[in-house]
Amino acid sequence: MEALPKLSFFSKLLFLLSFFSLSSSSSSSMSSLLHPSIADSAKLHRNYTAISDFRLLNRRKLLDCPHIINPSVKLTVVSASESLLNEEFINVTVSGVSIPSIEHWVAMITPSKANVDSCPLNEGLYLQTGDLSRLPLLCHYPVKAAYLRSDPDYLRCKRSECRVRSGGRCLQKTCNATLSFHVVNFRTDVEFALFGGGFATPCLLLRSQPRTFQNPNAPLYGLLSATDSTGTSMRLSWVSGDKNPQQLKYGQHGTTQTSQVSSFSQNDMCNTPSIQSPAKDFGWHDPGFIHSAVMTQLQPSATFSYQYGSDQVGWSDEATFTTPPAGGDENDFHFLAFGDMGKAPLDSSSVEHYIQPGSISVVNGMAEEVESRKVDAVFHIGDISYATGFLVEWDFFLHLIKPIASRVAYMTAIGNHERDYDQSGSVYRLPDSGGECGVPYETYFQMPTPGKDQPWYAIEMASVHFTVVSTEHPFTPGSPQYEWMKKDMASVNRSRTPWLVFTGHRPMYSSTRGFIPSVDPNFVAAVEPLLLQNKVDLVLFGHVHNYERTCSVFNNVCRGMPFKDINGIDTYDHNNYTAPVHAVIGMAGFSLDEFHTFAERWSLARVAKFGYLRGHATKEKLSLEMVNAVTRAVEDSFSIIKAPIQ
């Protein structure tokens, strides 16, 4: 099968738009566009679930490269032990290559028997995710891939072996390359494959023997969240390959809670009637089982130890966490907030689906603050992992955030890359979730929401009331979410929690330069009047990948400006409230967006650097700092002040 020609960015965009215009056509017309083997495979396997044995079978015959490979070529996998650890770096060596090529590359595949034949017609499905990178288009997407030329010695054959000698001379020399791959416990076995043809026209040369994990049922990736505003209960969720309930032990006296177990299957992923989504097709990976248990009878602003697992599957390392202060407490409150983080490979040479280059430095910076016990809670406001239908990416993300999420409450809001899909009930009929439609997000991140697919909630910590909304669900008057947020903000007791912070994913104000508008006027028209009516102090949004702060703004007009305090910090006086202050904080990992040369009058600070927002609240003052994750320098700081209500 010939590879499709490479498309320019705008050609790809037009292709994507035309691709989704097919959603109103019949499934039979869509099938007629596909190669028969692909169409038949999709039809045959549509009803299989994640927990069936089918996930270990080939979807169709695996094809090899058309040319004959040198019989001396070997693919050697070296790990710490025969069975894989929960996390390790694996060295993969390709040896015996007669003529090194820039087109040689290695893929990491899980499960090992997945079909990795070339499927160029997958490009239309792949473009749904928003990732326009030039990556392998295979029937089953590889977890990672790396060119052998990433080893600087490969193309020049600096590491070689002599295969044929005569008279003390080497008549035939072969070349070697070694790559390092970061692996976490995916619960299914792992295999490595050598390809020719580059990413555009991949064909299989060699496959390694599969490697299994020492304990595919191991309890991993503990994730904390607050269940209410009392500071006396916390939820812990974790992932395991075992469906049987496990135990959470915590506190000095070893109090035990039994986990509730949930999961999701391919059938839970969404697509249109005529177009299969990546989550249902080549991006699928068995998520295992998500365990969840609630710790009760805790004390606010206190530290506790905990451990989770069972004697059958093993136990996690013992760890400690800190509860947030209760709503209304006089305590100081310290929090971090950010959006659009995702993850990036920890091995330097490999590529993965949808890399967010700033994510590692941002996580490292926040982890240092959490380790120093200067953080009470974290708010991640949308675009969480950017898995977008490639389910194995959630394992990488949960592993990345563990130093933060296992120590303090990790509170989240849903974003377009978790929820949006055509004909799925989301506001925006875009394919940004890759067919996930919020199911993995809500399973992993169990927030105190009203119900399933209603990802909005309120939480109070010390002097702050957080109203957390979904910009991806209906928000107009009369919708369940609108009526909820209207009631929630009107009910805030400002003598108890003087600060009202409103947060969600898509912004109301942004001066970013982009092909697609970042602000939805319908959202602004419906919700902005509620912010003014309820005297919201601070509005935090993501979606746009930079940092921007406004004046006290309403309806695109500055109603109030900050003054400089004795330290030169912009300070907003909300004793004389005029309008909310907005801050876009989507600078936590995704490639940064550029600003317009011309700044709107309401735009007071603009920073296009990776980082996060650091917050400190007392009853009299709310202080915010935009922290550069690379240098740890404060790039912008501002405060909001008000006298406490007597």
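Reference entry: report on the structure contained in this document. As a convention, each chain's residues are numbered from 1 in the sequence order in which they are written. Local features in this predicted model are restricted to residues of pLDDT 70 or higher, and side-chain atom pairs are both shown and tallied only at a pLDDT of 80 or more, whereas totals for entire chains, interfaces and linings draw on every residue. Hydrogens are left out, water is left out, and the side-chain values use all remaining heavy atoms of the structure.

1. With respect to the sheet that holds strand E33 (residues 634–641)
One key point about sheets: their strands pair by backbone hydrogen bonds, in either a parallel or an antiparallel sense. A pair of strands is considered paired only if DSSP assigns at least 2 bridges between the two. To qualify as a helix, a DSSP run of H or I must reach at least 4 residues; to qualify as a strand, a run of E must reach at least 2; elements of each kind are numbered from the N terminus. One open sheet holds the eight strands; their spatial order is E20-E19-E18-E31-E32-E33-E28-E27, and the pairing between them is mixed. Two strands bound the open sheet, and with one partner strand each, they are strand E20 (409–413) and strand E27 (563–564). Relative to strand E31 (residues 611–617), strand E18 (residues 333–338) runs antiparallel, the two sharing five bridges. The residue bridging Leu336 from the neighbouring strand is Arg614, located in E31. For this analysis, residues touch if any pair of their heavy atoms sits within 4.5 Å. Axis definition: a line fitted to C-alpha atoms, over the contacting stretch in the case of helices. Angles run 0 to 180 degrees between N-to-C directions. Lying over the sheet, helix H5 (residues 359–371) contacts E18 and E31, oriented at roughly 25 degrees with respect to E31. On top of the sheet, helix H6 (residues 392–405) reaches strand E19 (377–381) and E20; it is set at about 130 degrees to E20, its chief contact.

2. Observations regarding unusual backbone geometry
Geometrically, the link from Thr110 to Pro111 is a cis peptide bond, its omega value of -5 degrees lying close to zero. For Asp383, which is not glycine, the phi dihedral falls at a positive 50 degrees. Within the secondary structure, Asp383 is located in the loop between E19 and H6. Relative accessible area serves as the criterion here: at 2%, Asp383 is assigned to the buried category. You will see that His543, though not glycine, has its phi angle at about 75 degrees, which is positive. Classification of residues uses two cut-offs on accessible area relative to the type maximum, computed with a 1.4 Å probe and protein chains only: under 20% is buried, over 50% is exposed, and between them is partly exposed.

3. What about the side chain of His285?
Following the sequence through the fold, His285 ends up in the loop between strand E13 (260–262) and strand E14 (289–295). By relative accessible area, His285 is classed as buried at 4%. Pairs of N or O atoms are called polar contacts if they sit within 3.5 Å, as long as, within protein, a hydrogen donor faces a hydrogen acceptor (for residues adjacent in sequence, only side-chain-to-side-chain pairs). In this structure the side chain of His285 is engaged in a polar contact, spanning 2.9 Å, whose partner is the side chain of Thr188. Setting aside residues no more than four positions away along its own chain, His285 makes contact with Thr110, Pro111, Phe186, Arg187, Thr188, Leu391 and Val392.

4. Considering the sheet that holds strand E8 (residues 203–207)
With respect to topology, four strands assemble into an open sheet ordered E4-E3-E7-E8, the strand pairing being antiparallel. Two strands close off the open sheet at either side, each with one partner strand: strand E4 (144–147) and E8. Taking each pair of neighbouring strands and ignoring which way they run, the sheet shows an average axis angle of 30 degrees. In this sheet, E8 lies alongside strand E7 (residues 191–196) in antiparallel orientation, the contact comprising four bridges. When the sheet's bridge partners are listed, Leu194 is paired in E8 with Leu206.

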